[in-house]
Amino acid sequence: MTIGAALGLLLLVFRAVPLADVVHAIRSAEPGMLAAGFLCLFAARVVAAWRMKLLTDQQHLRLSLAEIFEIGTSSTFYGLALPGTLSGGLIRWYKLAQQGNAAGALAALTWDRLVDTMAVAILGVAGWALGRAVAAHAIAAPTLLALSAGLVALYLAGFSTAVGDVVLGPIDALAGRLLRQGWARGKLVALAQAARSYHGLSAWFPAKVALYSLGVQLVSGVGFYCWARALGMPVGLAEVVWAWACYSLVVLLPITFAGLGAREGMLILLLRPYGVAGADAVALSFIQLGGTLLLALLGGGFELRALWRRRAAGVERRGAVEAPPSPASNPAPPAPVGRTGPGPA
């Protein structure tokens, strides 16, 4: 269904924007700025892995920074390779849960996703406030402000008992009114448990996680701006950041497969008031997709390496079981000791 929606929206986009113009825009992009954007994307993933390590360490999930980075890129690979919008997240949770703490993995992953989305919304509000006002500002501003306030409140609920009681109380009440069994009730209970798992930490910890998240998204926004400049777009950093924030939030919605079609249309609508041609807006979206594909290929390489190691270990175990024992490990029994003289006396 989502693949069909993506194809339908892409057909509409390419009816308004010729594909040849999009290809020409990408081929004409300035290579240095393109490379800078890809470096920013990679740097943002490294900082995101560091933020995730802060959360996993509190859940006693002992993972190195390299392991968390590998898990993140592998989940990107599965998120593109498998159908459904949650496949990448499920793979990420599964890999984290292999450390023996499934509830802790859920808590770390939930708050990692939450603070990531919160940082995007906050930077979107900042870009909206600092950028040139256009008609789209009046439409998007109330949504961004409300979303930012709601996400901040939910984020704080995970670290403050007082805020948690206010925010999570209605969730507990709703879960109690539902049937004892069921998908919805299970999700609500899991959300509340994950929220309370970080209660009791110092005030510096949530601030540090939030600062890491703002750094991740600021570097990502700068990378998006580098790509916009590579295409020669006549826009400033603030305008690009607020358009990128709206674009990123739309991609999170399960509208189409990998956000195709929806994000191209969103960028056309958001950037057109600044004088950006439709072909350049679609080219910017495709360059962003190319960066995601590069990370997915890296994650696929990590998965192939892990598969190769598992197969090699399996071959070694089978060889150890099937190999015949060596003479040194299975010596011949000693000869029986007997008398050497003539018969009994």
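Keep in mind that this is a model prediction, so the values were computed, not measured. (Residues numbered from 1 in each chain as written. Predicted model: local features only at pLDDT ≥ 70, side-chain atom pairs only at ≥ 80, totals over all residues. Heavy atoms only, no water.)

### Brief notes about the overall build of the protein
Selection rule: Counting from the N terminus, the helices are the DSSP runs of H or I reaching at least four residues and the strands are the DSSP runs of E reaching at least two. Each residue is assigned to one of three classes by its accessible area relative to the maximum for its type, calculated with a 1.4 Å probe on protein chains only: buried under 20%, partly exposed between the two thresholds, exposed over 50%. Throughout, the Shrake-Rupley method with a 1.4 Å probe supplies accessible areas, and for residues the shown protein chains are the sole cover considered.
What the protein contains, in helices and strands, is 13 helices and 0 strands. The N-to-C order of helical and strand elements in the protein reads α-α-α-α-α-α-α-α-α-α-α-α-α. Counting across all 345 residues of the protein, residues that qualify as buried make up 41%. Of the accessible surface of the protein, which amounts to about 18500 Å², a share of 69% is contributed by carbon and sulfur atoms.

### A closer look at the environment of Phe77
For Phe77, the position within the fold is in helix α4 (residues 65-81). The spatial distance from the C-alpha of Phe77 to the C-alpha of Ala296 is 4.0 Å, given a sequence separation of 219 residues.

### As for the confidence of the model for the protein
Cut-off, in case you're wondering: Per-residue confidence from the predictor is reported as pLDDT, which spans 0 to 100. Should any heavy atoms of two residues lie within 4.5 Å, those residues are counted as being in contact.
Per-chain confidence: the protein averages 80 in pLDDT, with 78% of residues scoring 70 or above. Per-element mean pLDDT across the protein ranges from 65 in helix α1 (residues 2-16) up to 94 in helix α3 (residues 31-58). Contacts of residues 339-345 to residues separated by more than four positions or lying in other chains number 0 contacts, the stretch itself having pLDDT below 50.

### Section: unusual backbone geometry
In the Ramachandran plot, His60 falls in the positive-phi region, its phi being about 60° despite a non-glycine side chain. Judged by relative accessible area, His60 falls into the exposed class, the value being 60%.

### Things to note about the environment of Glu70
Tracing the chain through its elements places Glu70 in helix α4. In the structure, Glu70 is positioned 229 residues away from Gly299 in sequence and 6.6 Å away in space, judged by C-alpha atoms. Aside from chain neighbours lying at most four places away, what touches Glu70 is Phe302 and Arg305.

### Regarding the packing of helix α6 (residues 102-130) against helix α10 (residues 204-230)
Heads up, the rule is: Fitting a line to C-alpha atoms yields each axis, with helices limited to the stretch in contact; the angle taken between N-to-C directions then spans 0 to 180 degrees. With respect to orientation, any angle under 35 degrees is reported as roughly parallel, any angle over 145 as roughly antiparallel, any angle of 65 to 115 as roughly perpendicular, and every other angle as oblique. Crossings are classed by handedness, with left-handed meaning an anticlockwise turn of the near helix from the far one by less than a right angle and right-handed meaning a clockwise turn. Any residue that is not Ala, Val, Leu, Ile, Met, Phe, Trp, Tyr, Cys, Pro, Asp, Glu, Lys or Arg is counted as polar, Gly included; the first ten are nonpolar and the last four charged.
It is at 9 Å that the axes of α6 and α10 come closest, and there the two elements cross at 60°. Accordingly, the angle class assigned to the pair α6 and α10 is oblique. Considering the relative orientation of α6 and α10, their crossing is right-handed. Each of Val115, Asp116, Met118, Ala119, Val120, Ile122 and Leu123 in α6 lies in contact with α10, whose residues at this interface are Val209, Ala210, Ser213, Leu214, Val216, Gln217 and Leu218. Residues that form the contact of α6 with α10 fall into these classes: 11 nonpolar, 2 polar and 1 charged.

### Thoughts on the pattern of salt bridges
Rules: Salt bridges are defined as contacts in which a side-chain nitrogen from Lys or Arg sits within 4 Å of a carboxyl oxygen from Asp or Glu.
By the definition in use, this model includes 7 salt bridges. As a salt-bridge pair, Arg305 and Glu70 come within 2.7 Å of each other at their nearest N and O atoms. Pair noted here: Arg305 is in helix α13 (residues 278-322) and Glu70 is in helix α4, with a separation of 235 residues, a long-range link. Relative accessible area serves as the criterion here: at 34%, Arg305 is assigned to the partly exposed category. Several salt bridges converge on common partners, so that one network encompasses Arg51, Arg92, Asp112 and Asp116.

### Topic: the packing of α3 against α6
Where α3 meets α6, the axes come as close as 9 Å, and the angle between the chain directions of the two elements is 135°. As judged from the angle between their axes, α3 and α6 are oblique. In this structure, the crossing between α3 and α6 has a hand that is right-handed. Side by side, α3 and α6 meet where Ala48, Arg51, Met52, Leu55 and Thr56 of the first sit next to Ala108, Leu109, Trp111, Asp112, Val115 and Asp116 of the second. Its residues placed into classes, the contact of α3 with α6 shows 7 nonpolar, 1 polar and 3 charged.

### Thoughts on the nonpolar core
Note the following rule: Here, the term nonpolar core denotes a set of buried Ala, Val, Leu, Ile, Met, Phe, Trp, Tyr and Cys residues that are joined through side-chain atoms within 4.5 Å.
By size, the foremost hydrophobic cluster in this structure holds 42 residues, and its most contacted members are Phe224, Leu231, Met233, Trp244, Leu271 and Leu284. Looking at this core, the elements with two or more residues in it are α2 (19-27), α3, α6, α7 (135-157), α10, α11 (237-252), α12 (262-271) and α13. Take this core: its biggest share by element is 9 residues, from α11. With 28 residues, the next largest nonpolar core counts Leu55, Phe69, Ala107 and Phe302 among its residues.

### A look at the environment of Leu201
Relative to the helices and strands, Leu201 is located in the loop between α9 (183-196) and α10. Residue Leu201 is classed as partly exposed on the basis of its relative accessible area of 28%. Separated by 41 residues in the primary sequence, Leu201 and Ser160 place their C-alpha atoms 8.3 Å from one another.

### Considering the packing of aromatic side chains
Using the following cut-off: Centres within 6.5 Å are what make two rings of Phe, Tyr or Trp a pair, Trp counting through its six-membered ring; a difference in plane orientation under 30 degrees is then read as stacked, over 60 as edge-to-face, and the rest as tilted.
Counted under the stated rule, the structure contains 6 aromatic pairs. Relative to Phe205, the ring of Tyr198 lies with its centre 6.3 Å away and its plane at 20°, an arrangement referred to as stacked. Residue class for Phe205 comes out buried when judged on its relative accessible area of 7%. Seen in terms of ring centroids, Phe224 and Tyr247 are 5.4 Å apart; in terms of plane orientation they differ by 35°. Their pairing is tilted. Here the residue Phe224 occupies a position in helix α10, and Tyr247 occupies one in helix α11, the gap between them amounting to 23 residues. Like Tyr247, Phe224 is buried.

### As for α3
Applied cut-off: How far a helix is expected to stretch is found by multiplying one less than its residue total by 1.5 Å. Identification of polar contacts relies on pairs of N or O atoms within 3.5 Å, with a donor-acceptor requirement for protein atoms, meaning one able to donate a hydrogen and the other able to accept it, and with residues adjacent in sequence counted only if both atoms are side-chain atoms.
Taking 1.5 Å per residue, 28 residues should reach 40 Å; α3 reaches 42 Å between its end C-alpha atoms and fits that length. Buried within α3 are the following residues: Leu34, Gly37, Cys40, Leu41, Ala44, Ala48, Ala49, Arg51, Met52, Leu54, Leu55 and Thr56. For α3, the capping residue at the N-terminal end is Glu30, with a side-chain oxygen 3.0 Å from the backbone nitrogen of Gly32. At the C-terminal side of α3, His60 shows a positive phi close to 60°.

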